[in-house]
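# Report on the structure
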Amino acid sequence: MLLRPLRYRRLWLALGALMLVGMLVVCLVPRVSEPTFAGIDKVEHLLAWLIVSSWFAALLERRALPMLAGGLIALGIGIEFAQEFMALGRQGDWRDVVANAVGVFGGISLAAW
């Protein structure tokens with residue numbers, strides 16, 4: 001089993017799933033307004049993925065962390081493709097993928113530390 005033996009494992013997984021669903025909704029709904037200054041959305045991407053990856057990294061055994069990183073980065077890439085092709089006022093951006101990946105590696109490193 002790749003999950004750590006936690007007392008309230010289902011609760012922690014459910015809260016993590018809610019975070020992922022919330023992040024997907026925020027990323028895929030039509031954009032309401034433009035960012036207040038250039039680059040703030042990259043910071044938002046980095047922080048969101050740092051939080052989600054550190055959450056799940058804390059629930060998993062160390063040997064599962066490479067799979068977690070790969071899965072979260074693939075999800076981030078998928079979100080960017082979805083934004084590009086949905087035509088809802090959003091656009092995919094490779095810089096968002098980079099910010100996501102930095103957040104994922106930062107969160108996993110933080111949790112592993």
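Preceding this paragraph is the structure being described.
First things first, this report covers the structure right here in the doc. Keep in mind the model is a prediction, meaning the values are calculated, not measured. (Residues numbered from 1 in each chain as written. Predicted model: local features only at pLDDT ≥ 70, side-chain atom pairs only at ≥ 80, totals over all residues. Heavy atoms only, no water.)

## Structural notes on the overall build of the chain
Counting its secondary structure elements, the chain contains four helices and zero strands. In the chain, the order of α-helices and β-strands from amino to carboxyl end is α-α-α-α. For the chain, whose C-alpha radius of gyration is 15 Å, the value lies close to the compact-globule estimate of 13 Å for 113 residues. C-alpha atoms of the chain, sized along the principal axes, occupy 45 × 25 × 25 Å. Looking at the 113 residues of the chain, the share that counts as buried comes to 29%. Partitioning the intrachain contacts of the chain with sequence separation of at least 6 by distance along the chain shows that 80% fall at a separation of at least 24. (Helix = DSSP H or I, 4+ residues; strand = E, 2+ residues; numbered from the N terminus. Rg over C-alpha atoms; globule rule 2.2 N^0.38 Å. Buried < 20%, exposed > 50% of the residue type's maximum accessible area, 1.4 Å probe, protein only. Contact = heavy atoms within 4.5 Å.)

## Focus on the side chain of Asn100
Topologically, Asn100 is positioned in helix H4 (residues 94-112). Apart from the residues within four sequence positions on either side, Asn100 is in contact with His45, Trp49, Gly76 and Glu80.

## Quick look at the packing of helix H2 (residues 40-59) against H4
H4 packs onto H2 with a crossing angle of 35 degrees between their chain directions and a minimal axis gap of 7 Å. Along this stretch, H2 crosses H4, giving a crossing that reads as right-handed. Residue-level contacts link Asp41, Lys42, His45, Leu46, Trp49, Leu50, Ser53, Ser54, Ala57 and Ala58 of H2 to Arg95, Asp96, Ala99, Asn100, Val102, Gly103, Val104, Gly106, Gly107, Ile108 and Ala111 of H4. Split by residue class, the contact of H2 with H4 holds ten nonpolar, seven polar and four charged. (Axes fitted to C-alpha atoms, helices over the stretch in contact; angles between N-to-C directions. Left-handed = near helix turned anticlockwise from the far one by under 90°. Nonpolar A, V, L, I, M, F, W, Y, C, P; charged D, E, K, R; others polar.)

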